[in-house]
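Remarks on the overall topology
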Amino acid sequence: MQFVPARSLLPLSGLALALVAAPFLLPNSFALGVAILAILNAAVAVGLNLFVGSAGQISLGHAAFFGIGAYAAAILSGTYGFNGAVALLAGAVASGLLAHASGRTILRLSGHYLAMATLGVGIIVYLAINQEIGFTGGPDGKAVPPFRIFGAAVVGEMQWYWIAAIFLLIVTWMALNLVETGYGRSLGAIHASEHGARAVGIDVAAVKTGIFVLSAVLASVAGSLYAFHIGFITPSEAGFLKSVELVIMIVVGGLGSVFGAILGALLITALPQFLTGFHDYEQLVFGLLLMLVAMALRRGIVPTLATLAARWAR
């Protein structure tokens, strides 16, 4: 695996520079907190976009894995006293096992049947979190202790910003390399035609399950980091609306585009903060903006702008 594909070197460098400069340009700690959430959402969106945009599948329950990671951090670290890194790893393993176990069955489906099946997985996880009050705190939520590295607690928005930024850069580098490998080309073949992919010897079930597991693990790690950062979580983090929000991010940014997923996550996370001045009309304005983007940039922001730039260059 190379350091980074040549054609992606400039965008990845630009992302790194933007992440380095952002905390010094943001006006206050609130904006920095929004940036941290946006970055963690971006990491989840990159993984989900590999499953949806590259492999051509659909998931309406991906927030379940985010929630598993968050509650693994809260329960193992808070209730049982495990080290934060161990709790994070345990959540990632649990999410990967659930994704593998469910994926071997539901990924035989396609289209709206697959959407309903993934939605079912998400609902089951949400109900379990909401009902198991003794472990999760139920609807009231659960406190999460500070994350510790070598015995020192990670405190302050700036420290959490750098952790989130490094995580996003690692996820982005991994995704850019993955799409250039034979495995990535298998994802594209499955997206184009599952029957054609089988005809050329691709193990469609194994490839789809593998990318589903990878996207679930990334969502879980982001969920754990989010829980440690916020210090308190509720079942809404694993709810249906969170799953829909993640899908909107990759659609707005551009399906199949790694940097599109990042841009979409940043916009969808940050935009509501800029619309608070509209008061009662905030949701209306947000919905109208999404409609305009969908109509004007049907392939998503990044792919559409890339196509326009290529035409202009010619």
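Above this text is the structure in question.
Reference entry: report on the structure contained in this document. Just so it is clear, the structure is predicted and the values come from calculations on it, not from any experiment. (Residues numbered from 1 in each chain as written. Predicted model: local features only at pLDDT ≥ 70, side-chain atom pairs only at ≥ 80, totals over all residues. Heavy atoms only, no water.)

Quick look at the overall build of the chain now. Per the secondary structure count, the chain includes 14 helices and four strands. On C-alpha atoms alone, the chain measures out to a radius of gyration of 19 Å, which is about the 20 Å that the 2.2 N^0.38 rule sets for 314 residues. Referenced to the eigenvectors of the C-alpha coordinate spread, the extents of the chain come out at roughly 55 × 45 × 45 Å. Expressed as a percentage of the 314 residues in the chain, the buried residues total 47%. Long-range pairs, those at least 24 residues apart, make up 78% of the contacts in the chain between residues at least 6 apart in sequence. For the chain, the exposed area adds up to about 15100 Å²; of that, 70% sits on carbon and sulfur atoms. (Helix = DSSP H or I, 4+ residues; strand = E, 2+ residues; numbered from the N terminus. Rg over C-alpha atoms; globule rule 2.2 N^0.38 Å. Buried < 20%, exposed > 50% of the residue type's maximum accessible area, 1.4 Å probe, protein only. Contact = heavy atoms within 4.5 Å. Areas by Shrake-Rupley, 256 points an atom, 1.4 Å probe, with all protein chains shown as cover.)

Moving on, we get to the environment of Gly81. In this fold, Gly81 is placed in the loop between α3 (63–79) and α4 (84–106). Here Gly81 falls in the exposed class, since its relative accessible area comes to 58%.

Turning next to the packing of aromatic side chains. Within this structure, the stated rule accounts for seven aromatic pairs. For the pair Phe51 and Phe212, a centre-to-centre distance of 5.0 Å together with 40° between the ring planes defines the contact as tilted. Residue Phe51 is located in helix α2 (residues 29–54), and its partner Phe212 is located in helix α10 (residues 204–230); the two are separated by 161 residues in the primary sequence. With a relative accessible area of 0%, Phe51 lands in the buried category. Look at Phe147 and Phe228: their rings are 4.9 Å apart centre to centre, the planes differ by 55°, and that puts the pair in the tilted class. In this pair, Phe147 sits in the loop between β1 (142–143) and β2 (148–149) while Phe228 sits in helix α10, placing the two residues 81 residues apart along the sequence. Considered together, Phe147 and Phe228 belong to a single accessibility category, that of buried residues. Clustering of aromatic rings is evident, with ring pairs tying together Phe24, Tyr161 and Trp162. One residue, Lys242, lies across the ring of Phe66, its end atom 4.8 Å from the ring centre. (Phe/Tyr/Trp six-rings, centres within 6.5 Å; stacked < 30°, edge-to-face > 60°. Lys NZ or Arg CZ within 6 Å of the ring centre and 35° of its normal.)

Packing of helix α8 (residues 182–192) against α10 leaves a shortest axis separation of 10 Å and a crossing angle of 110°. On the basis of the axis angle, α8 is roughly perpendicular to α10. Here Tyr183, Ser186, Leu187 and Ile190 of α8 lie close against α10, whose contacting residues are Val204, Ala206, Val207, Lys208, Gly210 and Ile211. (Axes fitted to C-alpha atoms, helices over the stretch in contact; angles between N-to-C directions. Parallel < 35°, antiparallel > 145°, perpendicular 65-115°, else oblique.)

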